[in-house]
Number of protein chains: 2
Amino acid sequence: MPKIDLENIEPTNRTGYPEPFDKPVAGRWQRPLAEATGLTEFGARHVTLKPGAWSSQRHWHDNEDELLVVVSGEAVLVEDDGQTLLRAGDCAAWPKGTTNGHHLRNESGSDCVFVVVGAGDCTGGGYSDIDMLFSGDGRYVHKDGTPY
Amino acid sequence: MPKIDLENIEPTNRTGYPEPFDKPVAGRWQRPLAEATGLTEFGARHVTLKPGAWSSQRHWHDNEDELLVVVSGEAVLVEDDGQTLLRAGDCAAWPKGTTNGHHLRNESGSDCVFVVVGAGDCTGGGYSDIDMLFSGDGRYVHKDGTPY
């Protein structure tokens, strides 16, 4: 059945972020759409951001394209040059290699639901506001290379 | 600006389908999101299906994964084994190589808006209901190989 039975995909708020960077994403509940449906050409997640939650730490990818579609609710997109409100029906795109870090913050009192798609090599990139980098092996390191 | 300015992307109802297969998609207005934003790892289209319009002829891809998110309105997903109503917030996925052809028909009285993402090799595939195939060079041919 191509229609995805979202209710039967277990949402998770798991994160690999070290403390204290994990706290703002504790209210980010993700359903893995690609794994659940057999898609292999790109990744896709159905995300419910609870009030107050962030989509991630503010980041960019060196070699991964991202596209986001807001399904319901609203969230604030934060970047180097300011904030932009995204509402249901809005889309946003981040071509790989754009080092203007981004994330969404749900500053409303209701859930924000979005779908995000990514493809490419997700191992390279960085974080705008904190002393953290992606390492080549999927772990997180300080900007001087020492592990968390 | 990562938020996509949809109003400034010209929608097109252009199709390469030969007559009379072009008629049902005349009310399909597409905005190319990847080309407009610099994404290269996957394709993405923002689609408004006018009442009565189809998303495509019923088809499948041999080597391309597809994911669709309904943003507003509703449409009927048609496949070999029946019909499924898709409403705002619903998602559907078609892993490459699934030969159960699919398309959406807007049988409502209002626009249906969705975003569809695809990645892989889009040259191989077929049509379920009509005498047409994708050719290797992007043109359409009869199932006996003769061109339209």
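Preceding this section is the structure that the text describes.
Residues numbered from 1 in each chain as written. Chains lettered and ligands numbered in written order. Predicted model: local features only at pLDDT ≥ 70, side-chain atom pairs only at ≥ 80, totals over all residues. Heavy atoms only, no water.

1. Quick word on the pattern of salt bridges
Residues and elements named next belong to chain A. Rules: Should a side-chain nitrogen of Lys or Arg be within 4 Å of a carboxyl oxygen of Asp or Glu, the pair is scored as a salt bridge. Only protein chains enter the calculation, and the probe is 1.4 Å; a residue is then buried if its accessible area is under 20% of its type maximum, exposed if over 50%, and partly exposed in between. Helical segments are the DSSP runs of H or I of at least four residues, strand segments are the runs of E of at least two, and each set is numbered from the N terminus.
This structure, assessed with the given rule, holds 15 salt bridges over all chains. Close ionic contact of lysine 23 with glutamate 19 constitutes a salt bridge, the shortest N to O distance being 3.7 Å. With respect to class, lysine 23 is no different from glutamate 19; both count as exposed. Across the pair glutamate 74 and arginine 87 runs a salt bridge whose closest N-O atoms are separated by 4.0 Å. One end of the pair, glutamate 74, is in strand S4 (residues 74-79); the other, arginine 87, is in strand S5 (residues 82-87), and 13 residues separate them in sequence. According to the relative accessible area criterion, glutamate 74 is partly exposed, its value standing at 29%. Each of Glu19, Asp22 and Lys23 takes part in salt bridges that share partners, so that together they form one network.

2. Quick look at the sheet that holds S5 of chain A
All names here are of chain A. Definition in use: When DSSP locates at least two bridges between a pair of strands, those strands are taken to pair. Interaxial angles span 0 to 180 degrees and are taken between N-to-C directions of axes, which are lines fitted to C-alpha atoms, for helices over the stretch in contact.
As summarised here, the arrangement of the three strands in space is S5-S4-S7, forming an open sheet in which the pairing is antiparallel. If you trace the sheet from one side to the other, it starts and ends with S5 and strand S7 (103-105), each paired once. With strand direction ignored, the average angle separating the axes of adjacent strands in the sheet is 35 degrees.

3. Comments concerning the relation of the copies chain A and chain B
Filter applied, for reference: A least-squares superposition brings the copies together, and it is based on the C-alpha atoms of residues with pLDDT no lower than 70 in both. Working rule for contacts: check all heavy atoms of both residues, and any pair within 4.5 Å makes them a contact.
By a simple turn and slide, chain A fits onto chain B: the slide is 0.0 Å along the axis, the RMSD is 0.0 Å, and the turn is 180 degrees. A rotation of that kind, with that shift, is consistent with a two-fold axis. When C-alpha positions in chain A are compared against the rotation axis, the closest is assigned to valine 71 of chain A, at 3.0 Å. A shared interface surface links the copies, since 100% of the contact residues of chain A are contact residues in chain B too.

4. Some thoughts on the interface of chain A and chain B
This is how the line gets drawn: Once two parts are put together, the accessible area they lose, assessed with a 1.4 Å probe and summed over both, is termed the buried area. Whenever a nitrogen or oxygen atom comes within 3.5 Å of another N or O atom, the pair is scored as a polar contact, on the condition that within protein one atom can donate a hydrogen and the other can accept it, and that pairs from neighbouring residues in sequence are kept only if both atoms are in side chains.
Tallying the contact residues gives 38 residues for chain A and 38 residues for chain B. Considering only the side of chain A, the residues that lose the most area to chain B are Pro2, Lys3 and Glu41 of chain A, jointly responsible for 20% of the buried surface there. Linking chain A with chain B are four salt bridges. At the boundary of chain A and chain B, one finds ten residue pairs in polar contact (both at pLDDT 80 or more).

5. Side note on the sheet that holds strand S7 (residues 103-105) of chain B
All names here are of chain B. The antiparallel open sheet is built from three strands, whose spatial order is S5-S4-S7. Each of the sheet's edge strands pairs with one partner strand only, and the pair in question is strand S5 (82-87) and S7. Sheet twist, expressed as the average angle between the axes of neighbouring strands with direction ignored, equals 35 degrees.

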